[in-house]
Amino acid sequence: MLGATGTGAGRAAPPASSNSVPDEVIHLVYDEYEDWRDLYWLSNGDRDNLSLVSSPTYTGGTALQLRVRDGDHWGASTHYDFEDEVLELNGRVHFALNSNWTMKNREVSNCRLWNCAMALGEGSAGGGVPDGTNGWSNRLYVTTRGTSPDGPFHLLSYTYHMDQNLDHDFILDGEEYAVQQPEIVPGKWYEFEYYVRVNTIDNGTANPDGVIQYWLDRDLIYDRRNFRFTEDHADNGIGTNGPAGHYGGQYVAPQNLYAYYDDHSMALNGTFADAPDSPKESTRPDRIELPNGIGLPDWLELPTGMGR
């Protein structure tokens, strides 16, 4: 089955929400668009690394494919912008790695998969230092920390905040904010849900009560509630989120890598009314087909006409 990891703990710890009823819920149905640029804008990377494809998909007839080329860092960093600053964001997306995804070029390799919440500015990326007014960010990565270069892979939460830029929280057993240690198997779909709430502010001073929580296939995997992101709710709240692919830092992708995304939804200034759906039987293939130019395992056949 696609879309199930089998962690089996059930949904735990509902989002730490101060206002459960959202101002707006946005569902991006990729089937309704002919070009990914109608959904997201690109801040870094190559626009040719993104495309809407007919296979593989989780639901419907279209998914978003993101490529990181062999020998490159950037695939792409994309953004769905909000009209106004958001103080709470509950997001949900299905993602999958292509079946021969590997990170074999060093002992520990990391690759960004998703921009969970960002206030764009010099403090949000690139080694910048957030000062409460100049941006901040939280991103999800896949990592080889604690596992093999060919997977199953682990996850990493990477945050720029006022008390520490480049703050890594590996979602591994024994780590302070890890609730579970999920494994990401190439060729399988997963539902990733994230909740980010900015910190409160008293007399212009940021309080250490900002929240980031993650779930994978309904199971809480990461829970941290002590961030200082901002001293300015009006201009330095949550401005954007979206798909991303960036490999390494001082090292580059060892081969072409492809990630796939489907069913991106966002609840603004609140949380989704429904808990994540239970895994259901799927009629989809249990392995992801790879684009042309990728070496295929013996058991995988590429559908005619697929690839870019």
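Enquirer: Help me understand a negative patch on the surface, please; the structure alone is not making it clear to me.
Expert: Taken together, Asp23, Glu24, Glu83 and Asp84 make up a surface patch of like negative charges. Position of Asp23 relative to the elements: it lies in the segment before strand S1 (24-28). Given a relative accessible area of 59%, Asp23 falls into the exposed group.

Enquirer: I keep staring at the pattern of salt bridges and nothing clicks. Help me out?
Expert: Oppositely charged side chains can form a pair if their charged atoms are brought close together. Going through the model one piece at a time under the given rule, you end up with eight salt bridges. Residue Arg69 is joined to Asp46 by a salt bridge in which the shortest nitrogen-to-oxygen separation is 3.1 Å. Remark: Asp46 occurs in the loop between strand S2 (41-45) and strand S3 (50-53) and Arg69 occurs in the loop between strand S4 (63-68) and strand S5 (74-86); sequence separation between them is 23 residues. A relative accessible area of 28% places Arg69 in the partly exposed class. A relative accessible area of 27% places Asp46 in the partly exposed class. The partner of Asp274 in a salt bridge is Arg92, and the shortest N-O contact between them spans 3.6 Å. Of the two residues, Asp274 sits in the segment after strand S17 (257-268) while Arg92 sits in strand S6 (residues 88-97), which places them 182 residues apart along the sequence. For Asp274, a relative accessible area of 39% gives the class partly exposed. Take Arg92: its relative accessible area is 11%, and that puts it in the buried class. Ionic contacts of the salt-bridge type, sharing partners, join the residues Arg92, Glu193 and Asp274 into one network.

Thresholds applied
Residues numbered from 1 in each chain as written. Predicted model: local features only at pLDDT ≥ 70, side-chain atom pairs only at ≥ 80, totals over all residues. Heavy atoms only, no water. Patch = residues over 30% accessible without salt bridge, like charges linked within 9 Å, V, L, I, M, F, W, Y side chains within 5 Å. Areas by Shrake-Rupley, 256 points an atom, 1.4 Å probe, with all protein chains shown as cover. Salt bridge = Lys/Arg side-chain N within 4 Å of Asp/Glu carboxyl O. Lys, Arg positive; Asp, Glu negative; His and termini not counted. Charge placed at Lys NZ, Arg CZ, Asp CG, Glu CD. Helix = DSSP H or I, 4+ residues; strand = E, 2+ residues; numbered from the N terminus. Buried < 20%, exposed > 50% of the residue type's maximum accessible area, 1.4 Å probe, protein only.

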